[in-house]
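Now for the letters of each chain:
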Amino acid sequence: MRGRRVLVAGAGVTGRSVARALADVGALVTVTDADVSRLEGLPGELVPGLAQPPAGTELVVTSPGWRPDSPLLVAAQQAGVEVIGDVELAWRLAENPVWLAVTGTNGKTTTVGMLAAILRAAAVDAVACGNVGLPVIDAVLAGHEVLAVELSSFQLHWQSSLRPKASVVLNVAEDHLDWHGSLDEYAADKGRIYTGAGSAVFNADDVWSTLLAAGHPGAMGFTLDEPGDNRFGIVDGWLVDGAERLAEVAEIRAPGLHNVANALAATALARVHGVPSAAVAEGLRAFQPGEHRAVVVGEWENIRYVNDSKATNPHAAASSLGAYASVVWLVGGQLKGASIDALVAEAASRLRGAVVMGADRGVVAAALARHAPQIPTYQVGPGDDDPMTAAVRAARGMARPGDVVLLAPAAASLDMFRDYAARGEAFAAAVKRLHGAA
């Protein structure tokens, strides 16, 4: 990489790490971003808003969110310049770490967190990285022994030579169709995680995961039932590897069957790396679920308020809604091309009411009118000065003792908030403010 002319497209968290890493290994770096303020403090030549790669550019490293049809990336490829992502760059720069890779529509962050906890319980120098927050290139350069890597479909799209020791596709459902173009193309990019993997762990309860791993010589499945033809499963309340008991389901800290599936995936990856059974149990006991994932904000007047802002697509929201018997649902944002009809139809019987917000609120409201016409709905309009407070106030008015007021938006947050964490924080603050809590 030394002496090569490399253009970094995007100066967000990932792009900044990429630019610094490239400069450290002696590349001749140019960085571009539409937001001039993001370029401040970065190494190399800083050029805002490029639509063409500079003359002599030998490689473009794109940030994950940049679509393949972005003019700069199209121009680079038309000029014969290779375009890769941060994950591909990290793999090319990596020397020794073992990669255990995780993707899926939902559950990625929880799974890599569980995996890292299990590995650390076995005294392995491991870190969760990638789409989870710590850029994978930073983890590589830090010299960790094992990387529990969360990979998005965007990151997988831009990689070609990744060869993890083991990888898993947790599940696939409609998401990011505005980026990929279709469910088939989205799933195909997810499936790229298996290319070259030593072992392909798959979810036998998910059609797409099973299909994508089919034919891989190192395929091994997990299921929420008894293992049967699969290697990992549940027997008498225990996670098992074949006939060997590993950990009790009751000790998994994250609630819901979907998190039992995540624990099985993490366990399978750890076992491929040779982790003993005692470390599986210890790691799952030690794991702490992340913020904004089915977190109880509080309970007032026998009404519970739950923040699951991380439910950024219908598949995730379905798991969240399925955990409660009677729900006032805060829903909406950017659907990213996904259909919400099946989710609304499935959840209708457990809905007390719905509060709809965000850019695609009209689509959501129409689905509720078709599939749950019996429930009251409230749309938070653009004229509300504090939309989350208005949403929580409306939800509180619909709820009855024993209900759950659930923020599980089934949509992205960027139309109204900085990210899903900011949305969750706004929800928690509004709940506490309306109930006079500190």
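Note that this is a predicted model, so its numbers are computed, not measured.

Chemist: Explain helix 15 (residues 387-398) residue by residue, including any values.
Modeler: With 12 residues, helix 15 extends 17 Å between its outermost C-alpha atoms, agreeing within 8% with the 16 Å of an ideal straight helix rising 1.5 Å per residue. In this structure, the buried side of helix 15 is in contact with strand 17 (327-331), strand 18 (351-356), strand 19 (377-379), strand 20 (404-407) and helix 16 (420-434).

Chemist: Tell me about the packing of aromatic side chains, and name the residues and values.
Modeler: The relative placement of two aromatic rings is captured by the distance of their centres and the angle of their planes. Overall, the coordinates contain 2 aromatic pairs when judged by the stated rule. Geometrically, the ring pair formed by W91 and W99 is edge-to-face, given 5.2 Å between the ring centres and 80 degrees between the ring planes. Owing to a relative accessible area of 23%, W91 belongs among the partly exposed residues under this scheme. For the pair W300 and Y305, a centre-to-centre distance of 5.8 Å together with 65 degrees between the ring planes defines the contact as edge-to-face. Sitting above the plane of the Y420 ring, K310 keeps its charged end 5.4 Å from the centroid.

Chemist: Go over the sheet that holds strand 17 with me, naming the residues and quoting the values.
Modeler: One open sheet accounts for 6 strands, arranged 15-16-20-17-18-19; its pairing is mixed. The strands lining the two open edges of the sheet, one partner per strand, are strand 15 (295-300) and strand 19. Averaged over all pairs of adjacent strands, the angle between their axes in this sheet comes to 15 degrees, without regard to strand direction. As paired strands, strand 17 and strand 20 are joined by 4 bridges and run parallel to one another. Paired with W329 across the two strands is L406, which belongs to strand 20. Most of the contacts of helix 15 go to strand 18, to which it runs at about 165 degrees, and overall it touches strand 16 (303-307), strand 17, strand 18, strand 19 and strand 20. Of the strands in this sheet, strand 15, strand 16, strand 17 and strand 20 are in contact with helix 16, which crosses strand 15 at around 15 degrees.

Chemist: Report on the pairing of strand 14 (residues 244-248), specifying residues and quantitative values.
Modeler: As paired elements, strand 13 (residues 238-241) and strand 14 share 4 bridges and run antiparallel to each other. Directly across from D241, in strand 14, lies its bridge partner E244. Linkage of strand 13 to strand 14, two consecutive antiparallel strands, is achieved through a turn of 2 residues, within which G242 is found at a positive phi near 65 degrees.

Chemist: Please give an account of the packing of helix 15 against helix 16 that cites residues and values.
Modeler: Following both chains from N to C, one finds helix 15 and helix 16 inclined at 55 degrees, their axes separated by 9 Å at the closest point. What the angle tells us is that helix 15 and helix 16 run oblique. When you trace helix 15 past helix 16, the crossing you get is right-handed. Only R423, A426, F427, A430, V431, R433 and L434 of helix 16 make contact with helix 15, whose side of the interface consists of M388, T389, V392, R393 and R396. Of the residues that constitute the contact of helix 15 with helix 16, the class distribution is 7 nonpolar, 1 polar and 4 charged.

About the thresholds
- Residues numbered from 1 in each chain as written.
- Predicted model: local features only at pLDDT ≥ 70, side-chain atom pairs only at ≥ 80, totals over all residues.
- Heavy atoms only, no water.
- Helix = DSSP H or I, 4+ residues; strand = E, 2+ residues; numbered from the N terminus.
- Expected span 1.5 Å × (residues − 1).
- Contact = heavy atoms within 4.5 Å.
- Phe/Tyr/Trp six-rings, centres within 6.5 Å; stacked < 30°, edge-to-face > 60°.
- Buried < 20%, exposed > 50% of the residue type's maximum accessible area, 1.4 Å probe, protein only.
- Lys NZ or Arg CZ within 6 Å of the ring centre and 35° of its normal.
- Pairing = 2+ DSSP bridges.
- Axes fitted to C-alpha atoms, helices over the stretch in contact; angles between N-to-C directions.
- Parallel < 35°, antiparallel > 145°, perpendicular 65-115°, else oblique.
- Left-handed = near helix turned anticlockwise from the far one by under 90°.
- Nonpolar A, V, L, I, M, F, W, Y, C, P; charged D, E, K, R; others polar.

Read these as geometric descriptors, not functional statements.
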